[in-house]
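Fold and contact review
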Amino acid sequence: MTTEQPFQIPLSVSLRDDARFENFFEQGNELVCENLKKMARGTGEQFIYLWGSQGVGCSHLLQATCHAAEPEGRSAAYLPLNELVHLDGNVLEGMEFLDLVCLDNLQAIAGNAEWEEAVFHFFNRIRELGNHLIVAAPASPRNLGIVLPDLTSRLSWGVAIQLQELDDELKLKAIQMRASLRGLEFTDEVGRFLLYHTSRNMNDLTQLLEQLDQASLSAKRKVTIPFIKEVLGL
């Protein structure tokens, strides 16, 4: 739903340009991605609560949904609450008029009475307007440590989906897919070396890929195991 009421986003939180559906490895999480793509188009569920362990991809998918909303002509905002919790909870006022709002890292406000109250009232306002809301956190609504019972209840109203962590073989495929998008060729041997000798966290692996990409371009060398050892000091 789009409102004719004039509204300016009071916050400037930029999206990562590389956080898109095109470079998210969907295997094992196809249903999650399909639901979020529908929300980007303005269809499907009105509210989704997405949860999963750190590095599994919740933040990536929230930003990807905002990116996907843009070509649909839909207004969207990504709000990482861990970066905003130091502000007054009133910053959410008026955000309900956007077509899509993504609240990330909800755990950051757990136990903060002012923010819990603000999110509770925001949830009611955006629901009444019929606009879309996605919330992400590392645990289910009832295991998040939210003190306000009414907010916990609201968070349980929509569809709660746990984002599944990839096993090592799927992480290898995900690494190779992202490397290919950067123009890098990662053999199974190279991919497994990176996976087994560095962090298994996909956020960390993505950052390492970027580092290796830049180093490869600078040195005009292919990414091999000796090159990875040299760049990463292994």
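Residues numbered from 1 in each chain as written. Predicted model: local features only at pLDDT ≥ 70, side-chain atom pairs only at ≥ 80, totals over all residues. Heavy atoms only, no water.

Topic: helix 6 (residues 168-181)
With 14 residues, helix 6 extends 20 Å between its outermost C-alpha atoms, agreeing within 8% with the 20 Å of an ideal straight helix rising 1.5 Å per residue. Looking at the packing, one finds that the buried side of helix 6 touches helix 2 (58-69), helix 7 (188-197) and helix 8 (202-219). Where helix 6 begins, the capping side chain belongs to D167, and its oxygen is found 3.2 Å from the backbone nitrogen of E169. Directly after helix 6, the chain includes G183, whose backbone phi takes a positive value near 85°. (Helix = DSSP H or I, 4+ residues; strand = E, 2+ residues; numbered from the N terminus. Expected span 1.5 Å × (residues − 1). Contact = heavy atoms within 4.5 Å. Polar contact = N/O pair within 3.5 Å; in protein donor to acceptor, adjacent residues only side chain to side chain.)

Here's the deal with the nonpolar core
L103, L106 and L133 are the most contacted members of the largest nonpolar core, which has 29 residues in total. At the level of secondary structure, the elements contributing two or more residues to this core comprise strand 1 (47-51), strand 2 (76-80), helix 3 (81-84), strand 3 (100-104), helix 4 (113-129), strand 4 (132-137) and helix 5 (149-155). The biggest single contributor to this core is helix 4, with 7 residues. (Core = buried A, V, L, I, M, F, W, Y, C linked by side-chain atoms within 4.5 Å. Buried < 20%, exposed > 50% of the residue type's maximum accessible area, 1.4 Å probe, protein only.)

Some points on the environment of L170
Topologically, L170 is positioned in helix 6. For the pair L170 and Q27, spaced 143 residues apart in the sequence, the C-alpha separation amounts to 7.7 Å. Leaving out residues up to four positions away in the same chain, L170 has contacts with F25 and Q27.

Thoughts on the packing of helix 7 against helix 9 (residues 225-232)
Put simply, helix 7 and helix 9 touch, their axes get as near as 10 Å, and they point 30° apart. In this view, helix 7 runs roughly parallel relative to helix 9, as classed from their interaxial angle. In terms of crossing hand, the pair formed by helix 7 and helix 9 is right-handed. For the pair helix 7 and helix 9, the contacting residues are E189, V190, F193 and L194 in the first and I225, I228, K229 and L232 in the second. (Axes fitted to C-alpha atoms, helices over the stretch in contact; angles between N-to-C directions. Parallel < 35°, antiparallel > 145°, perpendicular 65-115°, else oblique. Left-handed = near helix turned anticlockwise from the far one by under 90°.)

Here's the deal with the layout of surface pockets
For the largest pocket, the calculated volume is near 410 Å³. For the lining of the largest pocket, the secondary structure elements donating two or more residues are helix 6 and helix 8. Tallying contributions element by element places helix 8 first for the lining of the largest pocket, with 6 residues. Considered class by class, the residues forming the lining of the largest pocket number 6 nonpolar, 11 polar and 8 charged. Each pocket or cavity is described by its volume, and for the second largest pocket that value is around 200 Å³. Lining the second largest pocket are 15 residues, and of these S53, Q54, G55, S59 and N105 sit closest to its centre. (1 Å grid on protein atoms, 1.4 Å probe; cavity = no way out; pocket = protein on both sides within 12 Å on 5 of 7 lines; lining within 4 Å. Points joined across faces, edges and corners; volume = space filled by probe spheres on them. Nonpolar A, V, L, I, M, F, W, Y, C, P; charged D, E, K, R; others polar.)

A closer look at the pattern of salt bridges
Per the counting criterion, the structure on display carries 10 salt bridges. Across the pair K37 and E26 runs a salt bridge whose closest N-O atoms are separated by 2.9 Å. Separated by 11 residues along the polypeptide, K37 in helix 1 (residues 30-41) and E26 in the segment before helix 1 bring together distant segments of the chain. Here K37 falls in the partly exposed class, since its relative accessible area comes to 25%. (Salt bridge = Lys/Arg side-chain N within 4 Å of Asp/Glu carboxyl O.)

Points about the sheet that holds strand 4
Across the sheet, which stays open at both edges, the 5 strands sit in the order 2-3-4-1-5 with parallel pairing between neighbours. Each having just a single partner strand, strand 2 and strand 5 (159-162) make up the two edges of the open sheet. Sheet twist, expressed as the average angle between the axes of neighbouring strands with direction ignored, equals 15°. For strand 3 and strand 4, the ladder comprises 4 bridges, and the chain directions are parallel. Along strand 4, the bridge assignment pairs C102 with I134. Lying over the sheet, helix 1 contacts strand 1, strand 4 and strand 5, oriented at roughly 140° with respect to strand 1. Across the sheet, helix 2 is in contact with strand 1, strand 2, strand 3 and strand 4; its angle to strand 3 comes to roughly 165°. (Pairing = 2+ DSSP bridges.)

Description of the packing of helix 1 against helix 2
At a closest axis distance of 8 Å, the pairing of helix 1 and helix 2 adopts a crossing angle of 35°. Considering the relative orientation of helix 1 and helix 2, their crossing is right-handed. Residue-level inspection shows V32, C33, L36 and A40 of helix 1 in contact with helix 2, the latter providing L61, T65, A68 and A69. Of the residues that constitute the contact of helix 1 with helix 2, the class distribution is 7 nonpolar, 1 polar and no charged.

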